[in-house]
Amino acid sequence: MTLQSSPGWVVERIGLATASRMRDVLDYLKSGKDSAARRQYKIDLVTERAFGRATGHYVTPAMQRGLDCEPDARTAYEATTGALCAPARLVAHPRIEYFAATPDAFVGADGLAEFKVPSAANFVTWTLGGVIPEEHLPQLLAQLAVTGRAWVDFCAYSPESGKTFIRRLARNDEDIANIEAAVSAFLAEVGELFEQYTTAAACSVTSQTASGTSTQR
């Protein structure tokens, strides 16, 4: 299990479906077909497996803010709860191959913590809402599924005010089973696409005529 800050962390995640991308795994259109995000995530994982290297992604200013302020969020969480956080590390699901998660922190023997540094407006919105924002639930459920832990604390931190918004998500076996089934189905689709790619890549080069027929060279 590799620490999130170590050089090997990015390498070990190659080709894996991770908790941070669970929204994409679950993202279907109303028709039941893949959304563009779900389809692209499958392509990204096939690419990583085929070429053995991580797919690059653009880091938005909001993402960079979160990375820069995460140590402050951790400190604020510890000060607010009195709990001590152990360093995050990559954890593989015990039964589902290619499924993994890297929580932001381990808390005691049973808990996890996930830190977010939203904009000031989102922090106010989340605080007024009083619950974990729905868009972050898939990530938290996936972390619980992978680690087997009993709960995860969602901690939003506001650098502007120094305040935190903390809500705990307890493990629910039905929710865990649902997320595991969804990930298993997604990974099966990735596996099928990878087989299709390797078969196509191994075929001889063909030339296509204007009428659409192909002749093998």
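Above this text sits the structure in question.
Structure report, in brief. (Residues numbered from 1 in each chain as written. Predicted model: local features only at pLDDT ≥ 70, side-chain atom pairs only at ≥ 80, totals over all residues. Heavy atoms only, no water.)

## Examining the sheet that holds strand 2 (residues 85-87)
Judged by pairing direction, the sheet is mixed, and its five strands sit side by side in the order 2-5-6-7-8 without closing on themselves. What marks the edges here is a single partner per strand, and that holds for strand 2 and strand 8 (163-170). Each adjacent strand pair in this sheet contributes to an overall mean axis angle of 30°, direction not counted. The sheet contact formed by strand 2 and strand 5 (residues 105-107) spans three bridges and is antiparallel. Paired with A86 across the two strands is F106, which belongs to strand 5. (Pairing = 2+ DSSP bridges. Helix = DSSP H or I, 4+ residues; strand = E, 2+ residues; numbered from the N terminus. Axes fitted to C-alpha atoms, helices over the stretch in contact; angles between N-to-C directions.)

## Here we look at the packing of aromatic side chains
Applying the stated criterion across every chain, the model contains three aromatic pairs. Aromatic side chains Y41 and F186 sit 5.4 Å apart centroid to centroid with 25° between the ring planes, which places their arrangement in the stacked category. Of this pair, Y41 sits in helix 3 (residues 36-51) while F186 sits in helix 7 (residues 173-202), and the two are 145 residues apart along the sequence. Grouping residues by exposure puts Y41 and F186 together as buried. Look at Y77 and F115: their rings are 5.7 Å apart centre to centre, the planes differ by 65°, and that puts the pair in the edge-to-face class. With Y77 in helix 4 (residues 61-81) and F115 in strand 6 (residues 111-116), this residue pair connects regions lying 38 residues apart in the sequence. Grouping residues by exposure puts Y77 and F115 together as buried. Cation over ring: R21 sits above Y41, and NZ or CZ is 4.0 Å from the ring centre. Positioned above the aromatic ring of Y98 is the side chain of R49, whose terminal nitrogen or guanidinium carbon lies 3.7 Å from the ring centre. (Phe/Tyr/Trp six-rings, centres within 6.5 Å; stacked < 30°, edge-to-face > 60°. Buried < 20%, exposed > 50% of the residue type's maximum accessible area, 1.4 Å probe, protein only. Lys NZ or Arg CZ within 6 Å of the ring centre and 35° of its normal.)

## Overview of the nonpolar core
Of all hydrophobic cores here, the largest spans 34 residues; its most connected members are M22, F99, F154, L169, F186 and L187. Elements supplying a minimum of two residues to this core: helix 2 (22-25), helix 3, strand 4 (99-101), helix 5 (120-129), helix 6 (137-147), strand 7 (151-158), strand 8 and helix 7. Broken down by element, the residue count for this core peaks at seven residues, all from helix 7. The next biggest cluster of nonpolar side chains, apart from the first, holds 15 residues, and it includes A105, C155, Y157 and I166. (Core = buried A, V, L, I, M, F, W, Y, C linked by side-chain atoms within 4.5 Å.)

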